[in-house]
Amino acid sequence: MQLAIESVTKRYRKGVIALQHFSLEVKPGVLGLLGPNGAGKTTLMSILATITKATEGRVLWNGADIARDPDVLRSVLGYLPQDFGVYPNLNAVEFLQYLAAVKGLDGAAAARRIDQLLELVNLADVRKRPLGGFSGGMKQRVGIAQALLNDPQLLIVDEPTAGLDPEERVRFRNLLSDLSGERIVILSTHIVSDVEATATDIALIAKGTLVAHATPEALLRRVEGKVWEWVVSSDALTSAKQRFLISSTTRRSDGVHVRVLGDQPPQGAELAAPNLEDAYLYCLSQHRTGAHA
Amino acid sequence: MNRSRILYHMVHADFLERVRRYSFLLTIGFAIYLGYAVYARQVTLQLNHYRGVDNSAWLGAVIGLISSVWVSLIGFYIVKNSIQRDRQTRVGQILAATPMNKSFYTLGKALSNFAVLAVMVLILALAAVVIQLLRGEDTQIQFGALLSPILILGLTAVAVVAALAVLFESLPVLRGGVGNVLYFFFWVALLSISVSPLTGSRQPTGLRALQDFTGIATVMGQMREQVHQLDPHYEGGSSFGLGNFNPATKTFLWTGVHWSSGLIVGRALWLAVALLLALLAAVFFDRFDPSRNSLRTAVKRKPASALDTLAAQTFAATNSSLALPPTIQLTPLPRSGTSAVPRSRFFALVLAEFRLLFRGHAWWWYIAAAGLFIACLFSSLEDARPGILLAAWFWPALFWSQMGTREQIFSTGALIFSAPRAAPRQLLATYAAGVLLAALTGGGLGLHLLFARDFSGLAAWSVAALFIPAMALALGVTTGSRKAFEAIYTAWWYVGPLHHLPRFDFMATTAQSSTPIGYLSAAAVLVLLAYSWRTVRLAYA
């Protein structure tokens, strides 16, 4: 099972380029696709989900070009778009039954699967309520259930935890971890903690290009020895922000504890253990300044 | 910021948002087509065998009446989406959180609607100049005579329509398909009332002139008087509309509408009506309050937050940790080769689409449909075919109008079209569901024709059952909106089947007006159009 993205470029009308010669090879596990707003994540997801076509380049699923034969991928694809709707007059079961029919699933198998999925996403008790009365988080969980309907080999989830409460977010992360293994899960988000909890691989994307593709451990190694914890007074914080790349600040009784990213530490700073957010910000800043290859 | 400035910015932003959409090109295209139709004499104004010399006054009158009659019909459907757009784009929620006054909002929307329709009227005015120069019967442009009927009749009529569209959008019951269908009949009534003061060769005066919303009685009344002076044998017949079945053989010199103070006051009163309608809309406007949405009302006993809490409580009770419940195991689906998808589930999809058509409609709809079915089956063929069938196939219009639009309206496209072979399968399944609906609702007559061994009638009935959903699907897929089918179907139903007009009677309500081969071909073309449109719009098919 392999998904290969080969030099994909997506150009919209009026010359806006969302992706530029983007290449990536994805193997079973959870790939966390991280990047700032407007980086091209959703465009890439749409191409992989066969919703839109690449302007140049190709995407291969087990060696088959999905632009030529999208159904090769669609039959094993689960897709949760960033922004999707539901039919407000249907209840959760009816909506999932409808999508099961669209996906061509066998009726009895689909019915069993829908029951299990509604349990899984915690909507079994409201299964007969019209979707029009659901909150945003509940609709999102319906979206998660529909993505899993056909037991997908490739699961693409675009900003899946948007609108979920903290408890459901943790639940969903655990679900993603359990689902990976013999399938590919692509998780697109700008929430680093979601990726930190689930991803076996991380791809950083910025301005439509691939900034880095590595395991979380390898990414962390890149920033080792470059993260510093520094205590400054509140008055000095503004000046510190202007001089250094800061990944976080925490106010404590002795001052503001600042995490600084850089090769050289500020005077009085102590070396700190890096986390994925540090690595993400460091790689992006290196990319922006053109120092990263 | 003073009030007029707020109003200006509301109208300005709304107008810009509209004119920068591709659909606005269609609006302009339609206005240009109307101009062309006048030039090609497809739209004619005649007084029996007389028509006016093509000078500024005559063409101004023709275009003025087109604006007040046709633009007031089509324009309503073009602009009746301004509040809906704010709802769909969720800009409405932002506006609702501002100190915005409801009256200002509805007035702003009415003015924005008016601006869009005024662009159409101005294009028509420009077309009048071009037509006069091209025809060459009188090349001297007299702007006063040309523009006065267009501005005084056309703009006042579209002002009323602009405000009516906002009122319809503000009233929950008229916001959707019911409003689209009802407006057509309202327009027919308005036109009838407008024409009714026109008797013999005299123009209406006094209060009777006030009921002339379109100005058709005023203009034609004055024209009739002029022709009567020219030809004493002329007794007052006149026509205005599509088609040119009896071309005019004589001309007369029309010098323009005489604008009496009574007429001007009458038009000003219609402007006041427009203002009142826009303000009345504010009374019903829900200010994007989701709790006033009908679906929210339907689940009022357990609102969304309560449902969420219920789900969360259930979760908390059964799962003390955040780990997945150990009892829930997803059953792996059987796979054949690399595909988990069986290849023959088309009928399941047809049934799913069929069930989807019926969602969200009240029980009494089914009672009435069943009543019409039984009436078709047990009444005489003479009553059922030209009479009851009309109702039986008008009744499901709002069901058919969903076809091909749901994916866009509810943003489910990404979920559906990422499924294997979804574009052709789902489209054909939707069509099949629509045909099934036609066969069921008109089935009483179908069975009746079968029992009576009227096979030619049965064939015509079958073609109609294939044609109606094909039209709904093609219009739904190409426009992405239910309005087009609701408006065109209602108008066509009124003109063709209701009056048993040959060539236009797609329901084949009489043997004489039936043209099944033409409509069978049209159904095939429409389905093909829907399929091609969808496959072109989707990156993959």
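Residues numbered from 1 in each chain as written. Chains lettered and ligands numbered in written order. Predicted model: local features only at pLDDT ≥ 70, side-chain atom pairs only at ≥ 80, totals over all residues.

1. Some details on the overall build of chain B
Turning to step 1, where the next piece is worked out: Tallying secondary structure elements over chain B gives 25 helices and four strands in all.
Turning to step 2, where the next piece is worked out: When the 541 residues of chain B are sorted by exposure, 43% land in the buried category.
Turning to step 3, where the next piece is worked out: Taking the contacts inside chain B whose residues are at least 6 apart along the sequence as the reference set, 78% of them involve residues at least 24 apart. (Helix = DSSP H or I, 4+ residues; strand = E, 2+ residues; numbered from the N terminus. Buried ≥ 20, exposed ≤ 12 C-beta atoms within 10 Å, placed from the backbone. Contact = placed C-beta atoms within 7 Å.)

2. Here's the deal with the confidence of the model for chain B
All names here are of chain B.
Turning to step 1, where the next piece is worked out: The share of residues in chain B with pLDDT of 70 or more is 87%, and the mean pLDDT across the chain is 86.
Turning to step 2, where the next piece is worked out: For chain B, the element scoring lowest by mean pLDDT is helix α14 (residues 304-318), at 42; helix α7 (residues 143-170) scores highest, at 96.
Turning to step 3, where the next piece is worked out: For this predicted complex, the interface score ipTM comes out at 0.71, alongside a pTM of 0.76. (pLDDT = per-residue confidence, 0-100.)

3. Description of the domain arrangement of chain A
Turning to step 1, where the next piece is worked out: Each assigned domain of chain A is listed with its residue range as follows: domain 1 (3-215) and domain 2 (225-273).
Turning to step 2, where the next piece is worked out: Centre-to-centre, using C-alpha coordinates, domain 1 of chain A lies 37 Å away from domain 2 of chain A. (Domains from an automatic or database assignment.)

4. Focus: the packing of helix α16 (residues 363-378) of chain B against helix α22 (residues 443-451) of chain B
Residue and element names in this part refer to chain B.
Turning to step 1, where the next piece is worked out: Where α16 meets α22, the closest approach of the two axes is 7 Å, and the angle between their N-to-C directions is 15°. Relative to α22, the element α16 is oriented roughly parallel. When you trace α16 past α22, the crossing you get is right-handed. For the pair α16 and α22, contact is made by L372, F373, I374, A375, C376 and L377 and by G443, G444, L445, L447 and H448, respectively.
Turning to step 2, where the next piece is worked out: Of the residues contributing to the contact of α16 with α22, the split by class is eight nonpolar, three polar and no charged. (Axes fitted to C-alpha atoms, helices over the stretch in contact; angles between N-to-C directions. Parallel < 35°, antiparallel > 145°, perpendicular 65-115°, else oblique. Left-handed = near helix turned anticlockwise from the far one by under 90°. Nonpolar A, V, L, I, M, F, W, Y, C, P; charged D, E, K, R; others polar.)

5. Details of the sheet that holds strand β4 (residues 56-61) of chain A
All names here are of chain A.
Turning to step 1, where the next piece is worked out: Spatially, four strands are ordered β2-β1-β4-β5 in an open sheet, and the strand pairing comes out antiparallel. Whereas interior strands pair on both sides, the edge strands pair on one side only; in this sheet they are β2 (17-26) and β5 (64-65).
Turning to step 2, where the next piece is worked out: Bridge analysis of β4 against β5 gives two bridges, and the strand direction is antiparallel. Among the inter-strand pairings, W61 is bridged to a residue of β5, identified as A64.
Turning to step 3, where the next piece is worked out: Running over the sheet, helix α1 (residues 41-48) touches β1 (3-11), β2 and β4 and is turned about 60° from β2. (Pairing = 2+ DSSP bridges.)

6. Overview of the domain arrangement of chain B
Residue and element names in this part refer to chain B.
Turning to step 1, where the next piece is worked out: Assigned domains within chain B: domain 1 (3-291) and domain 2 (346-537).
Turning to step 2, where the next piece is worked out: For domain 1 versus domain 2, the separation of C-alpha centres amounts to 32 Å.
Turning to step 3, where the next piece is worked out: In this complex, domain 1 contributes six residues to the contact, which on the side of domain 2 involves ten residues.
Turning to step 4, where the next piece is worked out: Here the side of domain 1 that touches domain 2 gets five residues from one element, more than from any other, and that element is helix α9 (residues 177-195).
Turning to step 5, where the next piece is worked out: The residue makeup of the side of domain 1 that touches domain 2, split by class, is four nonpolar, two polar and no charged.

7. Re the sheet that holds strand β12 (residues 245-252) of chain A
Within a sheet, neighbouring strands are paired by backbone hydrogen bonds and run either parallel or antiparallel to one another.
All names here are of chain A.
Turning to step 1, where the next piece is worked out: Strands sit in the order β12-β13-β11-β14 across an open sheet of four strands; the sheet is antiparallel. The sheet terminates laterally at β12 and β14 (270-271), the two strands that pair on one side only.
Turning to step 2, where the next piece is worked out: As paired elements, strand β11 (residues 227-232) and β14 share two bridges and run antiparallel to each other. Opposite E229, over in β14, you have E270 as the bridge partner.
Turning to step 3, where the next piece is worked out: Helix-sheet contacts for helix α10 (residues 276-289) involve β11, β12 and β13 (255-261), and the interaxial angle to β12 is about 145°.

8. Quick notes on the nonpolar core
Turning to step 1, where the next piece is worked out: Core analysis: the biggest nonpolar cluster contains 231 residues, and I66(B), L117(B), L124(B), V158(B), A162(B), A163(B) and A464(B) have the highest contact counts within it.
Turning to step 2, where the next piece is worked out: At 17 residues, α7(B) tops the list of elements feeding residues into this core. (Core = buried A, V, L, I, M, F, W, Y, C linked by C-beta atoms within 7 Å.)

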